[in-house]
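Summary of the model geometry
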Amino acid sequence: MRSLFNLAVLLLLPLSACSLFEPEPATATFKTMGTRAAVTLAGLENEKLAKAAVDAERLMAALEAELSIYRADSVVSRLNSLAGVRPMEVPEHTRRLLEISIKYGDLTSGAFDVTLGPVVGLWRPKPGQTPSLPTEDALQEKLALVNFRNIKVQGSEAFLPTPGMRVDLGGIAKGYAVDLAWQALRRRGAVNFMFDLGGNIRVSGKAGSGLPWSIAVRSPFDTSRNLANVAMPDGWAVATSGQYERFVEIEGRRYGHIIDPRTGYPAAGLAGVTVFAREATMTDGLSTALFVLGPQKSVPVLRKTGAEAIFIPDKEPPELWVTPGIQSRLSLLEEAKVTLLPGW
Ligand code: ADP
Ligand code: MG
(Lines give C-alpha, C1' and ligand atoms only; values in the text may rest on other atoms or scores of the structure.)
(Ligands and ions follow the chains in the order given, each with its own letter.)
Protein backbone atom coordinates (compact mmCIF):
# COMPACT_ATOMS: atom_id res chain seq x y z
CA MET A 1 0.00 0.00 0.00
CA ARG A 2 2.78 2.36 0.94
CA SER A 3 4.70 1.85 -2.30
CA LEU A 4 1.52 2.37 -4.34
CA PHE A 5 0.97 5.67 -2.57
CA ASN A 6 4.55 6.75 -3.33
CA LEU A 7 4.07 5.95 -6.97
CA ALA A 8 0.90 8.02 -7.15
CA VAL A 9 2.63 10.99 -5.61
CA LEU A 10 5.53 10.68 -8.01
CA LEU A 11 3.21 10.58 -11.00
CA LEU A 12 1.26 13.59 -9.85
CA LEU A 13 4.08 15.85 -8.79
CA PRO A 14 5.58 16.68 -12.19
CA LEU A 15 2.07 17.31 -13.56
CA SER A 16 1.03 19.67 -10.83
CA ALA A 17 4.38 21.44 -10.90
CA CYS A 18 3.85 22.58 -14.45
CA SER A 19 0.20 22.53 -15.33
CA LEU A 20 -1.78 23.42 -12.22
CA PHE A 21 0.20 26.36 -10.92
CA GLU A 22 1.92 27.61 -14.01
CA PRO A 23 0.93 27.40 -17.67
CA GLU A 24 3.27 25.54 -20.02
CA PRO A 25 5.44 27.76 -22.20
CA ALA A 26 3.52 28.46 -25.42
CA THR A 27 5.00 28.82 -28.89
CA ALA A 28 3.91 30.70 -32.01
CA THR A 29 5.67 29.96 -35.30
CA PHE A 30 5.92 31.59 -38.70
CA LYS A 31 8.03 31.26 -41.85
CA THR A 32 10.58 33.93 -42.66
CA MET A 33 14.09 34.44 -44.09
CA GLY A 34 13.96 31.05 -45.76
CA THR A 35 13.39 29.23 -42.48
CA ARG A 36 11.06 28.84 -39.52
CA ALA A 37 10.83 31.27 -36.63
CA ALA A 38 9.40 30.42 -33.21
CA VAL A 39 8.55 32.74 -30.31
CA THR A 40 8.10 30.91 -27.01
CA LEU A 41 6.81 32.72 -23.94
CA ALA A 42 6.92 31.12 -20.51
CA GLY A 43 4.70 31.56 -17.49
CA LEU A 44 2.07 34.22 -17.29
CA GLU A 45 3.11 36.07 -20.41
CA ASN A 46 1.11 33.81 -22.68
CA GLU A 47 -1.53 36.36 -23.58
CA LYS A 48 1.20 38.47 -25.18
CA LEU A 49 2.22 35.71 -27.53
CA ALA A 50 0.17 36.52 -30.63
CA LYS A 51 1.18 40.17 -30.47
CA ALA A 52 4.85 39.27 -30.00
CA ALA A 53 4.78 36.93 -33.00
CA VAL A 54 3.15 39.54 -35.25
CA ASP A 55 5.77 42.11 -34.23
CA ALA A 56 8.65 39.70 -34.82
CA GLU A 57 7.25 38.64 -38.18
CA ARG A 58 7.05 42.24 -39.34
CA LEU A 59 10.62 42.90 -38.20
CA MET A 60 11.96 39.80 -40.01
CA ALA A 61 10.09 40.68 -43.22
CA ALA A 62 11.65 44.17 -43.23
CA LEU A 63 15.12 42.75 -42.63
CA GLU A 64 14.72 40.14 -45.34
CA ALA A 65 13.62 42.80 -47.83
CA GLU A 66 16.77 44.78 -46.99
CA LEU A 67 19.38 42.02 -46.76
CA SER A 68 18.39 39.04 -48.90
CA ILE A 69 20.56 38.20 -51.92
CA TYR A 70 17.64 36.18 -53.27
CA ARG A 71 15.70 39.38 -53.92
CA ALA A 72 16.90 41.50 -56.81
CA ASP A 73 15.48 44.66 -55.22
CA SER A 74 17.02 44.25 -51.74
CA VAL A 75 19.57 46.80 -50.55
CA VAL A 76 22.31 44.18 -50.57
CA SER A 77 21.45 43.06 -54.11
CA ARG A 78 21.57 46.65 -55.30
CA LEU A 79 24.88 47.21 -53.51
CA ASN A 80 26.21 44.08 -55.24
CA SER A 81 25.05 45.25 -58.65
CA LEU A 82 26.87 48.56 -58.12
CA ALA A 83 30.18 46.80 -57.41
CA GLY A 84 32.96 48.61 -59.26
CA VAL A 85 30.50 51.32 -60.32
CA ARG A 86 29.80 53.66 -57.43
CA PRO A 87 29.10 53.88 -53.69
CA MET A 88 25.54 53.62 -52.49
CA GLU A 89 23.63 55.06 -49.55
CA VAL A 90 22.69 52.12 -47.32
CA PRO A 91 20.20 51.98 -44.43
CA GLU A 92 21.34 51.38 -40.87
CA HIS A 93 20.97 47.59 -40.63
CA THR A 94 23.00 46.98 -43.79
CA ARG A 95 25.71 49.38 -42.69
CA ARG A 96 25.92 47.88 -39.22
CA LEU A 97 25.98 44.33 -40.54
CA LEU A 98 28.77 45.19 -42.98
CA GLU A 99 30.79 46.70 -40.13
CA ILE A 100 30.14 43.73 -37.86
CA SER A 101 31.04 41.32 -40.67
CA ILE A 102 34.34 43.10 -41.28
CA LYS A 103 35.04 42.87 -37.54
CA TYR A 104 34.37 39.10 -37.54
CA GLY A 105 36.51 38.74 -40.65
CA ASP A 106 39.43 40.32 -38.80
CA LEU A 107 38.76 38.38 -35.63
CA THR A 108 38.77 35.02 -37.45
CA SER A 109 41.72 35.70 -39.79
CA GLY A 110 39.31 35.71 -42.73
CA ALA A 111 37.56 32.39 -41.98
CA PHE A 112 34.38 34.46 -41.90
CA ASP A 113 34.21 36.43 -45.12
CA VAL A 114 30.98 38.06 -46.30
CA THR A 115 32.45 38.67 -49.75
CA LEU A 116 32.44 34.92 -50.45
CA GLY A 117 29.20 35.40 -52.39
CA PRO A 118 30.67 34.69 -55.85
CA VAL A 119 32.21 31.42 -54.60
CA VAL A 120 29.09 30.41 -52.65
CA GLY A 121 27.18 30.96 -55.90
CA LEU A 122 29.39 28.42 -57.72
CA TRP A 123 28.36 25.72 -55.26
CA ARG A 124 24.68 26.56 -55.30
CA PRO A 125 22.70 24.19 -57.53
CA LYS A 126 21.19 25.93 -60.57
CA PRO A 127 17.50 25.22 -61.07
CA GLY A 128 16.92 22.47 -63.64
CA GLN A 129 20.60 21.47 -63.82
CA THR A 130 22.39 18.44 -62.42
CA PRO A 131 24.83 19.80 -59.81
CA SER A 132 28.46 19.53 -60.90
CA LEU A 133 31.80 20.44 -59.33
CA PRO A 134 33.00 23.96 -60.14
CA THR A 135 36.13 23.97 -62.31
CA GLU A 136 39.42 25.06 -60.75
CA ASP A 137 39.52 28.03 -63.14
CA ALA A 138 36.06 29.17 -62.13
CA LEU A 139 36.98 28.83 -58.45
CA GLN A 140 40.20 30.84 -58.84
CA GLU A 141 38.42 33.51 -60.85
CA LYS A 142 35.75 33.95 -58.15
CA LEU A 143 38.22 33.66 -55.25
CA ALA A 144 40.12 36.63 -56.68
CA LEU A 145 37.04 38.73 -55.91
CA VAL A 146 36.91 37.61 -52.27
CA ASN A 147 38.31 39.87 -49.56
CA PHE A 148 36.18 41.45 -46.87
CA ARG A 149 38.93 44.05 -46.27
CA ASN A 150 38.04 45.66 -49.61
CA ILE A 151 34.51 46.58 -48.52
CA LYS A 152 34.29 50.33 -48.05
CA VAL A 153 31.91 51.68 -45.43
CA GLN A 154 32.02 55.43 -44.97
CA GLY A 155 29.35 57.39 -43.14
CA SER A 156 26.07 56.05 -44.47
CA GLU A 157 27.59 54.85 -47.75
CA ALA A 158 28.98 51.49 -48.76
CA PHE A 159 30.99 50.51 -51.82
CA LEU A 160 32.34 47.30 -53.31
CA PRO A 161 35.29 48.56 -55.36
CA THR A 162 35.77 45.62 -57.77
CA PRO A 163 33.30 44.69 -60.51
CA GLY A 164 31.85 41.24 -59.73
CA MET A 165 32.46 41.57 -55.99
CA ARG A 166 29.43 40.50 -53.96
CA VAL A 167 28.33 40.49 -50.37
CA ASP A 168 26.42 37.51 -48.88
CA LEU A 169 25.18 38.04 -45.33
CA GLY A 170 23.73 34.51 -45.07
CA GLY A 171 26.22 33.53 -42.36
CA ILE A 172 25.25 36.31 -39.95
CA ALA A 173 21.93 37.97 -40.88
CA LYS A 174 19.72 35.49 -39.02
CA GLY A 175 21.64 35.98 -35.78
CA TYR A 176 21.35 39.74 -36.18
CA ALA A 177 17.60 39.35 -36.76
CA VAL A 178 17.31 37.29 -33.57
CA ASP A 179 19.01 40.03 -31.53
CA LEU A 180 16.64 42.66 -32.94
CA ALA A 181 13.58 40.52 -32.15
CA TRP A 182 14.97 39.76 -28.68
CA GLN A 183 15.45 43.46 -27.94
CA ALA A 184 11.97 44.29 -29.26
CA LEU A 185 10.41 41.64 -26.99
CA ARG A 186 12.28 42.98 -23.98
CA ARG A 187 11.19 46.53 -24.76
CA ARG A 188 7.59 45.27 -24.80
CA GLY A 189 8.10 44.01 -21.26
CA ALA A 190 8.49 40.29 -21.95
CA VAL A 191 10.86 38.69 -19.45
CA ASN A 192 10.77 34.92 -19.88
CA PHE A 193 11.00 33.96 -23.52
CA MET A 194 12.99 32.25 -26.23
CA PHE A 195 13.32 33.33 -29.85
CA ASP A 196 14.42 30.78 -32.44
CA LEU A 197 15.14 31.59 -36.08
CA GLY A 198 16.16 28.42 -37.89
CA GLY A 199 18.30 27.25 -34.99
CA ASN A 200 19.67 30.69 -34.10
CA ILE A 201 18.29 30.98 -30.59
CA ARG A 202 18.37 33.59 -27.86
CA VAL A 203 16.75 33.20 -24.46
CA SER A 204 15.61 35.57 -21.75
CA GLY A 205 14.80 34.85 -18.11
CA LYS A 206 13.50 31.42 -17.15
CA ALA A 207 11.62 28.62 -18.83
CA GLY A 208 9.00 28.56 -16.08
CA SER A 209 9.17 26.79 -12.71
CA GLY A 210 12.36 28.77 -12.05
CA LEU A 211 14.33 26.55 -14.44
CA PRO A 212 16.79 27.93 -16.98
CA TRP A 213 16.02 27.52 -20.66
CA SER A 214 17.56 24.37 -21.95
CA ILE A 215 18.54 23.74 -25.56
CA ALA A 216 19.16 20.40 -27.20
CA VAL A 217 22.29 19.60 -29.19
CA ARG A 218 21.17 17.38 -32.05
CA SER A 219 23.24 14.52 -33.35
CA PRO A 220 24.75 15.56 -36.69
CA PHE A 221 24.75 11.86 -37.60
CA ASP A 222 21.05 11.31 -36.91
CA THR A 223 19.09 14.54 -36.64
CA SER A 224 16.14 12.79 -35.02
CA ARG A 225 18.28 12.25 -31.90
CA ASN A 226 19.55 14.70 -29.31
CA LEU A 227 23.04 14.15 -27.91
CA ALA A 228 22.80 16.52 -24.97
CA ASN A 229 20.97 19.36 -23.30
CA VAL A 230 22.65 22.60 -22.31
CA ALA A 231 21.26 24.92 -19.61
CA MET A 232 21.41 28.44 -21.03
CA PRO A 233 22.62 31.43 -19.00
CA ASP A 234 20.03 34.22 -18.90
CA GLY A 235 20.13 36.36 -22.04
CA TRP A 236 22.50 34.08 -23.95
CA ALA A 237 22.33 32.95 -27.55
CA VAL A 238 23.27 29.74 -29.32
CA ALA A 239 23.76 28.71 -32.94
CA THR A 240 24.95 25.59 -34.70
CA SER A 241 26.75 25.29 -37.99
CA GLY A 242 27.03 22.01 -39.81
CA GLN A 243 26.97 20.66 -43.31
CA TYR A 244 24.38 17.95 -42.61
CA GLU A 245 21.25 19.98 -43.34
CA ARG A 246 22.22 22.21 -46.20
CA PHE A 247 24.41 20.58 -48.81
CA VAL A 248 24.53 19.74 -52.49
CA GLU A 249 25.16 16.19 -53.66
CA ILE A 250 27.61 15.92 -56.57
CA GLU A 251 28.55 12.52 -57.99
CA GLY A 252 27.40 10.80 -54.82
CA ARG A 253 29.37 13.07 -52.47
CA ARG A 254 27.94 15.71 -50.18
CA TYR A 255 29.27 19.25 -50.32
CA GLY A 256 28.14 21.56 -47.53
CA HIS A 257 27.19 25.21 -47.74
CA ILE A 258 29.94 26.63 -45.51
CA ILE A 259 32.95 27.48 -47.65
CA ASP A 260 36.58 27.75 -46.60
CA PRO A 261 37.70 31.12 -48.03
CA ARG A 262 41.30 29.86 -48.27
CA THR A 263 40.41 27.11 -50.77
CA GLY A 264 36.97 27.93 -52.14
CA TYR A 265 35.88 24.41 -51.16
CA PRO A 266 33.30 23.45 -48.54
CA ALA A 267 34.91 23.25 -45.10
CA ALA A 268 35.34 19.70 -43.80
CA GLY A 269 36.58 17.93 -40.68
CA LEU A 270 33.77 18.76 -38.29
CA ALA A 271 30.27 17.34 -38.21
CA GLY A 272 29.04 20.38 -36.33
CA VAL A 273 29.94 23.25 -34.04
CA THR A 274 27.59 24.88 -31.55
CA VAL A 275 28.51 28.30 -30.20
CA PHE A 276 27.15 30.02 -27.08
CA ALA A 277 27.56 33.76 -26.43
CA ARG A 278 25.79 36.86 -25.16
CA GLU A 279 24.45 37.82 -28.58
CA ALA A 280 22.99 35.89 -31.49
CA THR A 281 24.87 37.98 -34.07
CA MET A 282 28.04 36.64 -32.50
CA THR A 283 26.91 33.01 -32.27
CA ASP A 284 25.76 33.03 -35.89
CA GLY A 285 28.92 34.63 -37.25
CA LEU A 286 31.25 32.63 -35.04
CA SER A 287 29.58 29.26 -35.66
CA THR A 288 30.16 29.68 -39.39
CA ALA A 289 33.75 30.85 -38.80
CA LEU A 290 34.70 28.21 -36.23
CA PHE A 291 33.34 25.52 -38.50
CA VAL A 292 35.91 26.68 -41.07
CA LEU A 293 38.74 27.19 -38.55
CA GLY A 294 38.37 23.82 -36.81
CA PRO A 295 38.84 23.22 -33.07
CA GLN A 296 42.46 24.20 -32.51
CA LYS A 297 42.50 27.49 -34.42
CA SER A 298 39.17 28.41 -32.79
CA VAL A 299 40.68 28.51 -29.27
CA PRO A 300 42.11 32.07 -29.50
CA VAL A 301 38.83 33.35 -31.00
CA LEU A 302 36.83 31.79 -28.17
CA ARG A 303 39.19 33.20 -25.53
CA LYS A 304 39.05 36.68 -27.04
CA THR A 305 35.26 36.83 -27.33
CA GLY A 306 34.28 34.94 -24.17
CA ALA A 307 32.09 32.65 -26.28
CA GLU A 308 31.74 28.96 -25.41
CA ALA A 309 31.48 26.08 -27.86
CA ILE A 310 30.86 22.41 -28.51
CA PHE A 311 32.72 20.83 -31.43
CA ILE A 312 31.58 17.50 -32.83
CA PRO A 313 34.27 15.91 -35.01
CA ASP A 314 33.09 14.19 -38.18
CA LYS A 315 33.51 10.62 -36.95
CA GLU A 316 31.40 8.09 -35.08
CA PRO A 317 30.83 7.26 -32.29
CA PRO A 318 30.11 10.94 -31.51
CA GLU A 319 32.49 12.99 -29.38
CA LEU A 320 31.85 16.41 -27.86
CA TRP A 321 34.84 18.70 -27.47
CA VAL A 322 33.75 21.49 -25.15
CA THR A 323 35.02 24.73 -23.60
CA PRO A 324 35.21 24.80 -19.77
CA GLY A 325 32.04 26.91 -19.34
CA ILE A 326 29.96 24.25 -21.07
CA GLN A 327 31.09 21.30 -18.95
CA SER A 328 28.93 22.16 -15.93
CA ARG A 329 25.89 23.08 -18.05
CA LEU A 330 25.81 19.96 -20.17
CA SER A 331 23.66 16.89 -19.56
CA LEU A 332 24.29 13.98 -21.88
CA LEU A 333 21.28 12.22 -23.37
CA GLU A 334 23.13 9.67 -25.49
CA GLU A 335 26.33 7.82 -24.97
CA ALA A 336 29.07 10.15 -26.18
CA LYS A 337 32.58 11.02 -25.07
CA VAL A 338 32.87 14.53 -23.63
CA THR A 339 36.35 16.06 -23.44
CA LEU A 340 37.84 19.49 -22.92
CA LEU A 341 38.52 21.19 -26.27
CA PRO A 342 42.01 20.15 -27.41
CA GLY A 343 44.41 23.09 -27.24
CA TRP A 344 42.37 24.97 -24.63
P1 ADP B 1 22.76 28.61 -41.84
O2 ADP B 1 22.56 29.66 -42.88
O3 ADP B 1 22.37 27.24 -42.22
O4 ADP B 1 22.28 29.02 -40.49
P5 ADP B 1 25.40 29.51 -41.33
O6 ADP B 1 24.93 30.57 -40.42
O7 ADP B 1 26.54 28.71 -40.85
O8 ADP B 1 24.31 28.48 -41.73
O9 ADP B 1 25.80 30.24 -42.68
C10 ADP B 1 26.00 29.61 -43.89
C11 ADP B 1 25.80 30.62 -45.01
O12 ADP B 1 26.80 31.64 -44.91
C13 ADP B 1 26.01 30.02 -46.38
O14 ADP B 1 24.79 29.57 -46.91
C15 ADP B 1 26.59 31.17 -47.17
O16 ADP B 1 25.56 32.02 -47.61
C17 ADP B 1 27.41 31.91 -46.16
N18 ADP B 1 28.81 31.45 -46.01
C19 ADP B 1 29.35 30.26 -46.36
N20 ADP B 1 30.63 30.17 -45.99
C21 ADP B 1 30.93 31.36 -45.38
C22 ADP B 1 32.10 31.89 -44.77
N23 ADP B 1 33.24 31.21 -44.70
N24 ADP B 1 32.04 33.15 -44.27
C25 ADP B 1 30.89 33.87 -44.34
N26 ADP B 1 29.76 33.42 -44.87
C27 ADP B 1 29.76 32.18 -45.39
MG1 MG C 1 26.29 31.46 -39.13
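These numbers come from a predicted model, not from an experiment. (Residues numbered from 1 in each chain as written. Chains lettered and ligands numbered in written order. Predicted model: local features only at pLDDT ≥ 70, side-chain atom pairs only at ≥ 80, totals over all residues. Heavy atoms only, no water.)

**Re the side chain of Asp113**
Under the convention used in this document: Runs of H or I in DSSP of at least four residues are treated as helices and runs of E of at least two as strands, each being numbered from the N terminus. Three exposure classes are used, based on accessible area relative to the maximum for each residue type with a 1.4 Å probe and protein chains only: buried under 20%, partly exposed in between, and exposed over 50%. In this count, Lys and Arg are taken as positive residues and Asp and Glu as negative ones, while His and the chain termini are left out. Counted as salt bridges are all cases of a side-chain nitrogen of Lys or Arg within 4 Å of a carboxyl oxygen of Asp or Glu. N or O atoms closer than or at 3.5 Å make up a polar contact, with two conditions inside protein: a donor-capable atom paired with an acceptor-capable one, and, for residues adjacent in sequence, both atoms drawn from side chains. Throughout, a residue-residue contact means that at least one pair of heavy atoms, one from each residue, lies within 4.5 Å.
Its location among the elements puts Asp113 in the loop between helix 4 (92-107) and helix 5 (117-123). One buried charged residue, Asp113, remains without a salt bridge, the closest side chain of opposite sign being Arg149 at 5.9 Å. In terms of polar contacts, Asp113 uses its side chain to reach the side chain of Thr115, at 2.5 Å. At 3.3 Å, the side chain of Asp113 and the backbone nitrogen of Phe148 are in polar contact. In this structure, Asp113 is in contact with Val146, Asn147, Phe148 and Pro261, ignoring residues within four places of it in sequence.

**Structural notes on unusual backbone geometry**
Looking along the chain, the bond that leaves Glu316 and enters Pro317 is cis, with omega of 0°. Take Pro317: it is sitting in the loop between strand 14 (308-313) and strand 15 (319-322). One non-glycine residue, Ser109, lies in the positive phi region at around 50°. Considering the arrangement of structural elements, one finds Ser109 in the loop between helix 4 and helix 5. Residue classification places Ser109 among the exposed residues on the basis of a relative accessible area of 65%. Even without being glycine, Glu251 reaches a positive phi, approximately 50°.

**Things to note about the sheet that holds strand 9 (residues 226-231)**
Two modes of strand pairing occur in sheets, parallel and antiparallel, and in both the strands are linked by backbone hydrogen bonds. How we decide: Between any two strands, at least two bridges found by DSSP are needed for them to pair. Each axis is a line fitted through C-alpha atoms, taken for helices only over the stretch in contact, and angles between the N-to-C directions span 0 to 180 degrees.
Taken in spatial order, the three strands line up as 8-9-16 in an open sheet, and their pairing is antiparallel. Each of the sheet's edge strands pairs with one partner strand only, and the pair in question is strand 8 (214-218) and strand 16 (330-332). Between one strand and the next, the sheet's axes are offset by a mean angle of 25°, whatever the strand orientation. With five bridges connecting them, strand 8 and strand 9 associate as antiparallel partners. Paired with Val217 across the strands is Ala228, a residue of strand 9.

**Concerning the site of ligand 1**
Just so we agree on the cut-off: The near set for a molecule or strand comprises every residue that places at least one heavy atom within 4 Å of it. The protein chains shown are the only cover counted for residues, whose accessible areas, like all others here, come from Shrake-Rupley with a 1.4 Å probe. Throughout this entry, Asp, Glu, Lys and Arg are counted as charged residues, while Ala, Val, Leu, Ile, Met, Phe, Trp, Tyr, Cys and Pro are counted as nonpolar. The remaining residues, Gly among them, count as polar. The split of the chain into domains comes from an automatic or database domain assignment.
Residues in contact with ligand 1 amount to 17 residues; listed here are only the nearest, Asp168, Ser241, Arg246, Asp284 and Thr288. A distance of 2.7 Å separates an oxygen atom of ligand 1 from a polar atom in the side chain of Arg246. Here ligand 1 loses 94% of its free accessible area of 560 Å² to cover by the protein chains. Counting residues per element, the shell around ligand 1 draws most heavily on helix 8 (residues 280-305), at three residues. Of the residues that constitute the shell around ligand 1, the class distribution is seven nonpolar, five polar and five charged. Built from parts of two domains, the shell around ligand 1 gets at least three residues from each of domain 2 (73-167) and domain 3 (228-344).

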